[in-house]
Every structure is written in structure tokens, then in C-alpha cells.
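Per-entry structural report
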Amino acid sequence: MADAAALALGKAPDGTGFMRAGSGAPVLLIHGVGMGAAIWQPQIALMQDRFDLIAIDMLGHGGSPLPPQDAGLPDFADQAIRLLDHLGLDRVAVVGHSMGALVAQEIALRAPSRVRSVVCLNAVFRRPPELAQAVRERAAALGGHGDPQAIAATIARWFGDPIPPDLADAAATAQTALEGVDAEGYARTYRLFASADTAHVDRLAELAAPALFMTGSEDRNSTPAMSAAMARLAPSGQCLVLSGEKHMMTIASPRKVTQHITAFLDRTADVAASADAAFDAIEFRRALGSFLTGVTIVTTVDEAGDPRGFTANSFTSVSLEPPLVLVCIAKKALGHQAFSTSRGFAINILSEDQKAASGIFASKAADKFASVIWQPGQTGNPVIDGSVAVFDCDMEQLVDAGDHSILIGRVHDFTHNGAQPLGYCRGAYVTPGLSQEALAAAPPGTEVGAILESEGRVLFLEAADGSHQLPAGHGLGAANDARSLRGKLAAKAIDADLGFLYAVWDDATDASRTHVYYRGTVSAPLSGDGQIRLVDIDRMADLKIADPAVRSMLARYARERTEDQFGVYVGNEVEGEVRPLAKAAPSAAIHSGHG
């Protein structure tokens, strides 16, 4: 056990209990259902000379508050992230056991910048039907506090019946933990655990951190096949199966398990700095998202004759003679089998009125085609009514390409119309005609301004009294119109590129006056004009800005810039609404081609 004098017991502001010991690289330890932070004492004793170890009591366990009635993995992940914030830890390795392994994955997916590496011990993944049913039945049958029969059954599953003599101490430790856990906290957490084995099926491919999936060869609930499947899906995943070990190997064979944990942490620490500098997968994805594309729904008919479809923006033309087009689908997509074996497919290019359909086909909805009107095309592939264009294709070639497959189709038939297409850029839906239409309809007295950014700083003009203003003018105008926005920018030699519409509001005191603001970029270095200031985004709140509507807009910009998710404000100076350009859920699916 860890030296009791070296262990510090703590309580975070939100009530989360935790233990902390050692010094060195920080490692967050997350226990399984029914256990507590103290279950990690063998690992703490073996690792505290080299690591700063933080063992958390997950919600409903130890000294921590109860989880919500219908808790989800994000509730447990957010609890851990709050603890890291409280302790001032920017980036940690995360080690989780059983349910704790699912929470560790959720943390790494929700806050990738906070996680250096992940170790998932005895994690569950896609339980087979009979095992899933057994777990659900146990969850439904949970009784009162310290149910002796339920505890005995759990110990038997974990250690065997009868318990081998060499596992008696480990079994006693686990039994003590189960007898002491809060009954309601255990029940709420176990109900989540019973259904969370599929929570990351479509997300493990986005796990940026190096990940080790370790289990025992004799673990019948968190099987070697499960760990192997997770390791295949995770971009930097590894699988390790310990011979002869069962579910509670962390306390049954602590030295063996801890040796493999520390070896993995050492390996990832050696390469982390150079890997981060060489290639950042998250930034790579964001960079790809800078390319403005259209949005499509790709459709086919599977072997059973049922229509299948997914949302994608990875579409392009290939050849005019013969007429070829292509689209990409992720190998982990549910519809990959149907599309990779189909005789053809149709590409439906969506109009700006079909955002809802895009979201549905990017989701796991049971009957996606119930949301659209469609009919079979000449090849039998579903053709969706209202699309800007449709390309009905025979399968020409299937190309293997990394974690995706490329579907190359020979166009058999096509249609198109003059409707406005739906766009997609930087995680948001965009309508290409929006900016032009806004100014075309604007009255002559409209104030047009811009939030111009350069490397995390926003351009302001400082007045003699120390107040700051965004560049703005009467209308967009031209460079030779001194009163217009472009004229004012030209007068100060500001080389700016205006991008998307950001805010439109009516003046509270003069209903005939409208304010229109865009977001864009500005090139540095700037001219030597003494009024020009580039201010860090997180310092904008400190500026003296006279117009309260502009102050409110800038506060929203700072928030949305952090999340890289922008909307458009429509209203007046006092009230209005932010209309999002995108919903968060379809974002990843559009890029990944899930079906």
C-alpha cells in the first residue's frame, strides 16, 4: 500500500473527493463502478516516486456527490476536468479501469488538449447480445445498500468461485469497497455502465492521444476481443492481453499491471514532444475544415433492398470522359459494408433548405429516409427531391485509402437546377449567397463594420480619449468612397479580407438604421497609423468601447472563437437571437462519411 503519510486527501469546490501522492508527470486514475479512489493504492505505492498521481472518487462514490438520475459519460468526464482545473493541471495521462476506462476515453475525446495518453484497463466495448442482456438484468435488479447476494455474485464473477487462496486478499479489498459504496450512487452509475459499451463506437477513430487497451485473458466481461477492437479503431491504439488475469487484475496482480502501465507512459512521454511538434491531428482536421465545400447525401440500396445513405462533403469530379465522380466513406461507418459492395450509388447535392436532412443522414436515426421525399433513379439508387443536383452512378472502382474507402462512380444520369446550394466550412453550415443578399437589401444609411482578426488578435481603432472602435463605415462601398467601410480601410492602408456575415441588428433609437458586421482577416504588418491597435481576443473585455451592442457582440465572438463554432446574431441593440450556422453533432459525421 502507499505510504499513508504521503497520501493527501482532498475535496474540490464541487465536492469531488480525491487522493494525491508523488511527484513528476501527472497521472489521473479513475476507478470502476463500486470502487473508489483508494482502490488505486497499490499503483500509487509503485508509481509515486516518478509520477504525480491523482485518484478521483467518481460521482456517486467515496466522498463525491451523486451523479444526475439519467447520467451520461459527459457528466463523469466533466467532473474529472473540473478537478484538473482545480489542481491547475493542463495536461495529464489518464488511466481508467472498467467504467473508469470509458470515462477516460470520454475525457480524451471531449478535451484532447488536456490528455497526453490514455490507458484503458478491462474496458467494455460492443458487448455481445447475451452479455449485454445479463448486464442490463443486473442493473434492473439492483437492491438496497450492501445486498449480500449481489456482492457475492460480483466477487464470484471477478475472482472465481471458490476464490483461489492467492486472490483472497484482493477479493476482500473489492468486497469491502462494494459494501461501503453509496447504494444510490452505485445504482445510477451501474445503469449507465450497462448501456455505455457502445458510446464511443463512432468516435474512437477521433481519439488523438496514444492509447493502451489492456485486459486479462480470463476476463469474460471485458474480453480481449473488445480491447483488440478498440485498439484497431483508435489511430494510436495498442492492445495488451495479460495471460491468466481476470477483471480485477489491478488489485489481483498490481505489480504486473503497474509495470505495463509505467512502461507505456514512459514510451509515450519519450515521443510526445516531438510528435506534437511534427504533426497535430486535431489541427490537421481543423486545417482541412478551412476548405469551403458543398454538402451531399450519398445513397444506395443494400443487399436486402433497403435504402441506405450518409452525409458527406468529400465529393469531387474526377473525369469528363468518361464521366466519373468520387466520394469517400469511413471504413468504420455503419454503412461501409453496404456501399463497398453495392453496384452503384447516387450523390445528392443539397440546397440551403436541406440542412435538416443533412443532420439526419449524419446521425444514427433508425429510418433516415422517412425525413425526405425520394424516388429510385435510373439505376435504382435513391434520388432525393429538392436537391440542387443529383449524379446517379454505377460503381466504377472501390479504392482503399487509409481509414476511408473511395467510391468512384461512372455517372449514368444527372439533373441540376438553379437553387442555392448548402455550404460547409470550419464545422459550420454556410449559405454562399447570405452576405451578398444582406448588403443588397441594406438601405443606404446602413453601418457596415468588421471584426478583423490576425493571429489571435482583433483590429481596433483607438480614439484620442482612449476608447476603441471596430472599423466601420456607411455601407460596404468601394476604396474610393471615404465614408464606406472599404474606403476607411483603404485610407489607413489596412489590407483586409471580409468573410462571413456575423451580426445584423436594428438601432434601438432609430429603427431605420441597421448595423451589419462581418468577420474577416487582416494582413500584418500594418501601416504605421497611430490609431491602429491589434488586441488579443482574451483582452477585448478590458477595452473602453462606447457602444454596448458592439461590446456584447465582441463577448460573443470571444466565446465562439474559442469553440470554433460561429453563429449570426439577428435582432436589435437590446434583444435578439444567435442563429447557429451548424449543429455540433453532424460536424464530425460530415467529414467522416458515416452511414
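Look up a bit, the structure's there.
The structure reproduced in this document is the subject of the present report. (Residues numbered from 1 in each chain as written. Predicted model: local features only at pLDDT ≥ 70, side-chain atom pairs only at ≥ 80, totals over all residues. Heavy atoms only, no water.)

**Brief notes about the overall build of the protein**
The helix and strand inventory of the protein stands at 17 helices and 29 strands. Within the protein, contacts between residues separated by at least 24 positions form 69% of all contacts whose residues are at least 6 apart in sequence. Taken as a whole, the protein presents about 26,900 Å² of accessible surface, with 53% of it coming from carbon and sulfur. (Helix = DSSP H or I, 4+ residues; strand = E, 2+ residues; numbered from the N terminus. Contact = heavy atoms within 4.5 Å. Areas by Shrake-Rupley, 256 points an atom, 1.4 Å probe, with all protein chains shown as cover.)

**Side note on the packing of helix α2 (residues 73–87) against helix α3 (residues 99–110)**
It is at 9 Å that the axes of α2 and α3 come closest, and there the two elements cross at 75 degrees. Classified by the angle between their axes, α2 and α3 sit roughly perpendicular to one another. On the side of α2, the interface is formed by Leu 73, Pro 74, Phe 76, Ala 77, Asp 78, Ala 80 and Ile 81, while α3 contributes Met 99, Leu 102, Val 103, Glu 106, Ile 107 and Arg 110. (Axes fitted to C-alpha atoms, helices over the stretch in contact; angles between N-to-C directions. Parallel < 35°, antiparallel > 145°, perpendicular 65-115°, else oblique.)

**Description of the packing of aromatic side chains**
Enumeration over the complete set of coordinates arrives at nine aromatic pairs. Between Phe 310 and Phe 339, the aromatic rings sit 4.9 Å apart at their centres with planes inclined by 85 degrees, giving edge-to-face as the arrangement. Here the residue Phe 310 occupies a position in strand β11 (residues 307–312), and Phe 339 occupies one in helix α12 (residues 336–340), the gap between them amounting to 29 residues. Judged by its relative accessible area of 0%, Phe 310 falls in the buried class. Every member of this aromatic cluster is reached through a ring pair, and the members are Tyr 186, Tyr 190 and Phe 193. In this structure, Arg 556 is placed above the aromatic ring of Tyr 502, and the distance from its NZ or CZ to the ring centre is 3.9 Å. (Phe/Tyr/Trp six-rings, centres within 6.5 Å; stacked < 30°, edge-to-face > 60°. Buried < 20%, exposed > 50% of the residue type's maximum accessible area, 1.4 Å probe, protein only. Lys NZ or Arg CZ within 6 Å of the ring centre and 35° of its normal.)

**Quick notes on the pairing of strand β6 (residues 115–121)**
Walk down a regular strand and you will see the side chains alternate between the two sheet faces. Within β6, six of the seven residues are buried, leaving the element largely enclosed by the surrounding structure. As paired strands, strand β5 (residues 92–97) and β6 are joined by six bridges and run parallel to one another. Bridging from a neighbouring strand, Val 92 pairs with Val 115 of β6. Between the parallel elements β5 and β6, the chain passes through α3 in a crossover that is right-handed. The sheet contact formed by β6 and strand β7 (residues 211–216) spans four bridges and is parallel. (Pairing = 2+ DSSP bridges. Right-handed = clockwise from strand over helix to strand, strands pointing away.)

Function cannot be inferred from these measures alone, as they are strictly geometric.
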